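Structural overview
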Amino acid sequence: MEYLLAIVLPVLLVLVGVVLSYNRFVAQLASIDATWANIEGELQRRHDLVPNLVETVQGYARHEQRVLEQVTEARAQAIAAVPSTVPIEQQARAEDALTQGLTSLLAVTESYPELKSDAVFRDLQRQLVETEDRIAAARRLYNLEVASYERRRRSVPSNVVAGVIGFEARRMFEIRDPAAEHSPHVPR
Amino acid sequence: MAPPVSGAVDAGSVALLDRATHLLLAVTGGDDGSWLPGLMVGLFGVAMAIAWTLQRHQRRELRDALNRFVERHDGWHLQAWPCGVHANQLVSRFEATPRGDRRYGVESAVGGPAEVEISGTTVRCQVACFVWFHERRRTQRSRGRHARRTYDRRTELVAMCQLPVHTHRAVSILPESALGRVGLTRSGQQLESESFNRRFRVEGRDRALVVTLLDAGLQELLAAEYGARGIELSDDLLVLSGEPTHRDRSLAGVAQTYPAILQDLTRLVRNIPPPFWRALGFQRPAPDPAADPATPPPPRPAPPPPPRPEDR
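As a starting point, this report considers the structure included with it. Just so we're clear, the structure is a prediction, and the values are computed from it rather than from any experiment. (Residues numbered from 1 in each chain as written. Chains lettered and ligands numbered in written order. Predicted model: local features only at pLDDT ≥ 70, side-chain atom pairs only at ≥ 80, totals over all residues. Heavy atoms only, no water.)

Side note on the packing of helix 2 (residues 65–80) of chain A against helix 3 (residues 88–109) of chain A
Residue and element names in this part refer to chain A. Remark: helix 2 packs on helix 3, axes separated minimally by 8 Å, with the N-to-C direction vectors making an angle of 155°. With respect to each other, helix 2 and helix 3 are oriented roughly antiparallel. Like other packed secondary-structure pairs, helix 2 and helix 3 cross with a definite hand, here left-handed. Taking contact as the criterion, the partners of Val67, Leu68, Gln70, Val71, Ala74, Arg75, Gln77 and Ala78 in helix 2 are, on helix 3, Ala94, Glu95, Ala97, Leu98, Gly101, Leu102, Ser104, Leu105 and Val108. When the residues that make up the contact of helix 2 with helix 3 are grouped by side-chain class, the tally is eleven nonpolar, four polar and two charged. (Axes fitted to C-alpha atoms, helices over the stretch in contact; angles between N-to-C directions. Helix = DSSP H or I, 4+ residues; strand = E, 2+ residues; numbered from the N terminus. Parallel < 35°, antiparallel > 145°, perpendicular 65-115°, else oblique. Left-handed = near helix turned anticlockwise from the far one by under 90°. Contact = heavy atoms within 4.5 Å. Nonpolar A, V, L, I, M, F, W, Y, C, P; charged D, E, K, R; others polar.)

What follows is the structure, given as structure tokens:
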């Protein structure tokens, strides 16, 4: 009897440990997916803002066709990179290209004081910066979740569970911080 | 007005001591052998008088120091309600203002308007420094006897700022426990910086807001210079608690810490990242047209119409 207990008890403990570890991995993956959905929602919102922004700028700065086309093209590429089949790095580069395009567009507006004082443009710029702030926060939350998951996936003993059950590595989402580039300049 | 000389004992206190000494001599002067209880009572009285005199002297010194600190800042004064908030509204709202088991309250409070930098803009806010006190019950049990209940008086140094925006949801950044520092019982939200996580326990209902608040720069600053301090946000109040590292030796008592804690508070607000303020809907105040000579002055209001004959 004691012999049996000496075998069964450790096995039971290991089993409980495996179940707990597995459940925690599942919870972490669910959390990663939820934060990723947040990022996608905010990116979508940014994509939706771009046509309005381009249209407003076009009304004042018709000669800046090259910049406007560049932004439109970058937006199209960013939208094409949204589906989950596209690797996360490719999506990040597409978003970086859009950020760069928007930075050029906002730099162009500096030469048009009437545009800068246009209420619609100011409102769109404010919405853009707020959306980009939320993208930055969502991205950091996502990366924190991924870092925590990866730490568990690689550390002992949870790496055994991850290896046996096959929990795959998740990549971080690294993009340039658009809010820092697009927030209105504060005069000193 | 010349400030009172620090360390001087006032004439009233000296007279009181003198009277106590005379009383002692009168009591112990008897020659019937019953002088011992009188001596004891006399000595006790003298000790009480000395303690009372010292306490009174310390209180006066603190009051003078608080007045001198207040004089350094325009519009500042001694306050009963820091930033206009009653102690009953502060109690248990922050970790720095616990209820305790008996009495609690605010003391040595000073405050007034101060300029703080929010998202690159200078904003005038109400700021206050004060000591929060509360009493904790302590029960001592001796063998077979009644439990003896005493109360410990505890104090917490607090600087508070009334922000121009509402956070709506509470955020607290408090020192991590000893076990948490070694990674055994780490709770709260974990962020990118391990040195920050080791030092602070971050709680907040809105995780996105917490992440927006604690950007890399603020994490680094807090880990480096606000190690044992508590930072809490609730509605429009920002509270910084804990002892600062510097003291102003020209002041006395707790007032010594006020310049440093005030400086720490304004520095903290200045380093809060702009996205956090934007997330809370902070709007920069409209520029003052009077400040810009290029801007034409606003049209003057029309003069009032002449009174009608029937009004005369």
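That shown, we press on.
A short note on the packing of aromatic side chains
Across all of its chains, the model carries eleven aromatic pairs over all chains by this definition. A network of ring pairs unites the aromatic residues Tyr22, Phe25, Tyr149 and Phe167 of chain A as a single cluster. Seen from the ring of Phe133 of chain B, Arg153 of chain B lies directly overhead, with NZ or CZ sitting 4.4 Å from the centre. (Phe/Tyr/Trp six-rings, centres within 6.5 Å; stacked < 30°, edge-to-face > 60°. Lys NZ or Arg CZ within 6 Å of the ring centre and 35° of its normal.)

A short note on the nonpolar core
Core analysis: the biggest nonpolar cluster contains 55 residues, and Leu214, Leu222 and Trp277 of chain B have the highest contact counts within it. The element best represented in this core is helix 8 (residues 258–270) of chain B, accounting for six residues. If we ignore the near neighbours within four places in the chain, the residues touching Leu222 of chain B are Ile173, Phe196, Phe200, Leu214, Gly227, Ile231 and Leu268 of chain B. Core analysis: the next-biggest nonpolar cluster, separate from the first, contains 24 residues, Leu49, Val71, Ala74 and Leu102 of chain A among them. (Core = buried A, V, L, I, M, F, W, Y, C linked by side-chain atoms within 4.5 Å. Buried < 20%, exposed > 50% of the residue type's maximum accessible area, 1.4 Å probe, protein only.)

A closer look at the interface of chain B and chain A
With 17 residues of chain B at the contact, the number on the chain A side is twelve residues. Looking at the side of chain B facing chain A, the largest losses of area belong to Arg207, Val211 and Arg278 of chain B, adding up to 45% of the total buried there. Counting across the chain B and chain A interface gives three salt bridges. A salt bridge links Arg140 of chain A to Glu192 of chain B; the nearest nitrogen and oxygen atoms lie 2.9 Å apart. Linking chain B with chain A are five residue pairs in polar contact (both at pLDDT 80 or more), by the criterion used here. Where the side of chain B that touches chain A is concerned, the elements lending two or more residues are helix 6 (207–213) and helix 9 (274–279) of chain B. Broken down by element, the side of chain B that touches chain A gets its largest block of residues, four residues, from helix 6 of chain B. (Buried area = accessible area lost by both parts, 1.4 Å probe. Salt bridge = Lys/Arg side-chain N within 4 Å of Asp/Glu carboxyl O. Polar contact = N/O pair within 3.5 Å; in protein donor to acceptor, adjacent residues only side chain to side chain.)

As for the packing of helix 1 (residues 2–60) of chain A against helix 6 (residues 158–165) of chain A
Residue and element names in this part refer to chain A. The N-to-C vectors of helix 1 and helix 6 enclose an angle of 75°; their axes lie 10 Å apart at closest approach. In this view, helix 1 runs roughly perpendicular relative to helix 6, as classed from their interaxial angle. On the side of helix 1, the interface is formed by Val18, Ser21, Tyr22 and Phe25, while helix 6 contributes Ser158, Val161, Ala162 and Ile165. Per-class residue counts for the contact of helix 1 with helix 6 are six nonpolar, two polar and no charged.

Observations regarding the side chain of Glu132 of chain A
Secondary-structure assignment places Glu132 of chain A in helix 5 (residues 119–154). Not counting chain neighbours up to four residues away, the residues in contact with Glu132 of chain A comprise Arg46, Leu102, Pro178, Ala179 and His182 of chain A.

Structural notes on the side chain of Gln256 of chain B
Residue and element names in this part refer to chain B. With respect to the element layout, Gln256 can be found in the loop between strand 8 (237–241) and helix 8. Within the structure, the side chain of Gln256 is placed 3.0 Å from the backbone oxygen of Leu251, a separation counted as a polar contact. Those residues in contact with Gln256 that lie beyond four places of it in its chain are His246, Arg247, Asp248, Arg249 and Leu251.

Things to note about helix 2 of chain A
Residue and element names in this part refer to chain A. Over its 16 residues, helix 2 runs 22 Å from end to end, which matches the ideal 22 Å to within 8%, given 1.5 Å per residue. Regarding helix 2, the residues found buried are Val67, Leu68, Val71, Ala74 and Ala78. Down the axis of helix 2, the smallest arc covering the buried residues is 125°, so these residues share one side. Those residues of helix 2 that are exposed and aimed more than 90 degrees away from the buried face are Arg66, Glu73 and Ala80. (Expected span 1.5 Å × (residues − 1). Arc of directions from axis to C-beta.)

Section: helix 5 of chain A
Taking 1.5 Å per residue as the helical rise, helix 5 of chain A with its 36 residues ought to reach 52 Å, and the 52 Å between its terminal C-alpha atoms agrees with that figure. Measuring from the side-chain oxygen of the N-cap residue of helix 5 of chain A to the backbone nitrogen of Val120 of chain A gives 2.7 Å; that N-cap residue is Asp118 of chain A.

What to know about the sheet that holds strand 8 of chain B
Strands pair in a sheet through their backbones, by hydrogen bonds, and they do so in one of two ways: parallel or antiparallel. Residues and elements named next belong to chain B. Spatially, the eight strands line up as an open sheet ordered 1-2-3-4-8-7-5-6, and their pairing is antiparallel. This sheet does not close on itself; its edge strands, each paired only once, are strand 1 (77–78) and strand 6 (200–204). One ladder, built from 13 bridges, connects strand 2 (residues 104–118) with strand 3 (residues 121–140); its direction is antiparallel. Bridge pairing in strand 3 links Glu115 to Arg124. Its contacts with the sheet place helix 2 (residues 35–71) against strand 1 and strand 2, and it is angled at close to 15° to strand 2. Its contacts with the sheet put helix 8 on strand 2, strand 3, strand 4 (148–162), strand 7 (230–234) and strand 8, and the angle it makes with strand 2 is roughly 45°. (Pairing = 2+ DSSP bridges.)

Here we look at a nonpolar patch on the surface
Residues and elements named next belong to chain A. Taken together, Tyr3, Leu4, Ile7, Val8, Val11, Leu12 and Leu15 make up a surface patch of nonpolar side chains, about 730 Å² in accessible area. Structurally, the position occupied by Ile7 is in helix 1. A relative accessible area of 51% places Ile7 in the exposed class. (Patch = residues over 30% accessible without salt bridge, like charges linked within 9 Å, V, L, I, M, F, W, Y side chains within 5 Å. Areas by Shrake-Rupley, 256 points an atom, 1.4 Å probe, with all protein chains shown as cover.)

Re the environment of Phe25 of chain A
All names here are of chain A. Here Phe25 shows up in helix 1. By relative accessible area, which is 0% here, Phe25 ends up buried. Spatially, the C-alpha atoms of Phe25 and Met1 are 36 Å apart, while their sequence positions differ by 24 residues. Not counting residues up to four positions away in its chain, the partners in contact with Phe25 are Tyr149, Arg152, Arg153, Ser158, Val161, Ala162 and Phe167.

This is a description of form; function is not addressed.
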